[in-house]
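Chain by chain, the residues run as shown.
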Amino acid sequence: MAGDELKLLGHWASEWACRVRLALQLKGLTYEYLEEDLDNKSELLLMSNPVHKKVPVLIHNGKPICESMIIVQYIDEVFPGASPSLLPSDPYERAAARFWTTYMDDKLVVTWIQTFFAKTIEEKAERMKQLLAVVDTLEGALEECSKGKPFFGGDSVGYLDVMLGGLLSWLHGTEALCGVDLFNATRTPLLSAWAERFGALDDAKAVLPDIGRVIEFAKMWRAQMAATEAATADTKN
Amino acid sequence: MAAGKGEDLKLLGLDESPFAARVRMALSVKGVGYEYIVQDLFNKSELLLRSNPVHKKVPVLIHNGNTICESLVIVQYVDEVWAGMGTSILPADPYKRAVARFWAAFIDDKLFPAWVGIMRAATEEERAEKVKETFAAIEHLEKAFVECSNGKAFFGGDSVGYVDLALGCFLFWFGAVHKMFGVEIIDASKSPLLAAWAGRFGETSAAAEVLPEPDKAVEYAMKLRAKRAAAK
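Residues numbered from 1 in each chain as written. Chains lettered and ligands numbered in written order. Predicted model: local features only at pLDDT ≥ 70, side-chain atom pairs only at ≥ 80, totals over all residues. Heavy atoms only, no water.

## Focus on the interface of chain A and chain B
Contact residues are listed per partner, giving 24 residues for chain A and 22 residues for chain B. There are four salt bridges connecting chain A and chain B. Put simply, A:E77 and B:R101 hold a salt bridge, and the shortest N to O gap is 3.0 Å. Counting residues per element, the ones that place at least two in the side of chain A that touches chain B are β4 (63–66), α3 (68–78) and α4 (91–116) of chain A. The biggest single contributor to the side of chain A that touches chain B is α4(A), with ten residues. Looking at the side of chain A that touches chain B residue by residue, the class counts come to 13 nonpolar, five polar and six charged. (Contact = heavy atoms within 4.5 Å. Salt bridge = Lys/Arg side-chain N within 4 Å of Asp/Glu carboxyl O. Helix = DSSP H or I, 4+ residues; strand = E, 2+ residues; numbered from the N terminus. Nonpolar A, V, L, I, M, F, W, Y, C, P; charged D, E, K, R; others polar.)

What follows is the structure, encoded as structure tokens:
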């Protein structure tokens, strides 16, 4: 659309920013991408997202939109575009898409982080059990939503595919980072096939960060957190 | 008022649940009739466990046999399905819609855990911390009110909207927190716009119809506390 100015404030490793980039890519939209240094946040970021000071932020004609779920819905509503609608047209299916996205954010991501940062062997085993239970539930969700078709959205990529797809590099890194193959072909055949199918899409290849890079980044993050905790513990003693 | 010919609409909830109240108020705004099936969360029904196997929580809307869970998801569903009835809950403009969704998410992700934390705090220190977090969230919402209302009575403008429902459902619990801990979450001296809004919201037919007295919430909080203590 002529006269549309789109800027995306993001970070290469951010799964949330990845969701938005996938949506923009699928819609064939042109935008200016600004990589944020999260240790030294830009004025623009702090001004555009004063409440959370986080990426991603989409700035459309000067107006900021925050939170990946909200941004992707906004993109879908404002740019119906060449590709089919990301959100389903049926209100019940739309509700299911929103429900499962909330589940992904509240359960999958949170449990993944707890597993990754678990300090003891017992804690890690417990969290891993919870994580695998969450993945099992998502396998059920994929079966329910896809109805035998290749994607959550049916024949073509939809909202839920984008929401889970944005997390894909991190999810693939789980084997290296937590010692478990999350979308195992035996345990979760549908998700395993979906992950391969989604990852093979040209649009996904254009956007998803390199898994090796994400693994290194995650290890560094964990080391940084451990160092901060140790330093804080020292100052308390 | 009937939901419509051939419509089968049920809501699983309970009076004390602010999230169920959100949905009940949304249905009221739309003028849609439904069967309200009160749940006992200490002894969950087969129907609830079957309808919300993932979270086993209220509210659950059952529409022509289809179940919809999560209060904000349900409210958007209700707004979309009964788009022609009552007043619109979400704004028509996509940008304003994104802003409304942002603040509703903020209310659930930041405000809710903070004020619930006041009630659940194990120590006075922890409680003070949660009070601080709650006031910080309220400060953001005071500014949000200016942004969303555009000088009108509600976040939604002339009529009750998405953010009004998201925040308004907590008002009777804020009353309970005041009675139990002496903390005034929406304090007219700190957040005058929200205090005035709360008064107006309380007088809407949706709120008057649905929101119970704070005493009911206090009673429920005591019951929860007793159950937790007994479980230890």
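So much for the structure itself; the text now carries on.
## Structural notes on the environment of A:Y92
Here A:Y92 shows up in helix α4. A relative accessible area of 23% means that A:Y92 is categorised as partly exposed. In this structure A:Y92 touches B:N66, B:T67, B:I68 and B:Y77, once residues within four positions along its chain are discounted. Within the local environment of A:Y92, its side chain forms a polar contact with the backbone oxygen of B:T67, the two atoms lying 3.2 Å apart. (Buried < 20%, exposed > 50% of the residue type's maximum accessible area, 1.4 Å probe, protein only. Polar contact = N/O pair within 3.5 Å; in protein donor to acceptor, adjacent residues only side chain to side chain.)

## Some points on the pairing of strand β2 (residues 32–35) of chain A
All names here are of chain A. Examined bridge by bridge, strand β1 (residues 6–10) and β2 share four bridges and lie parallel to one another. Bridge assignment links G10 to a residue of β2, and that residue is E35. The β-α-β motif built from β1, the intervening helix α1 (residues 15–26) and the parallel element β2 has right-handed crossover chirality. (Pairing = 2+ DSSP bridges. Right-handed = clockwise from strand over helix to strand, strands pointing away.)

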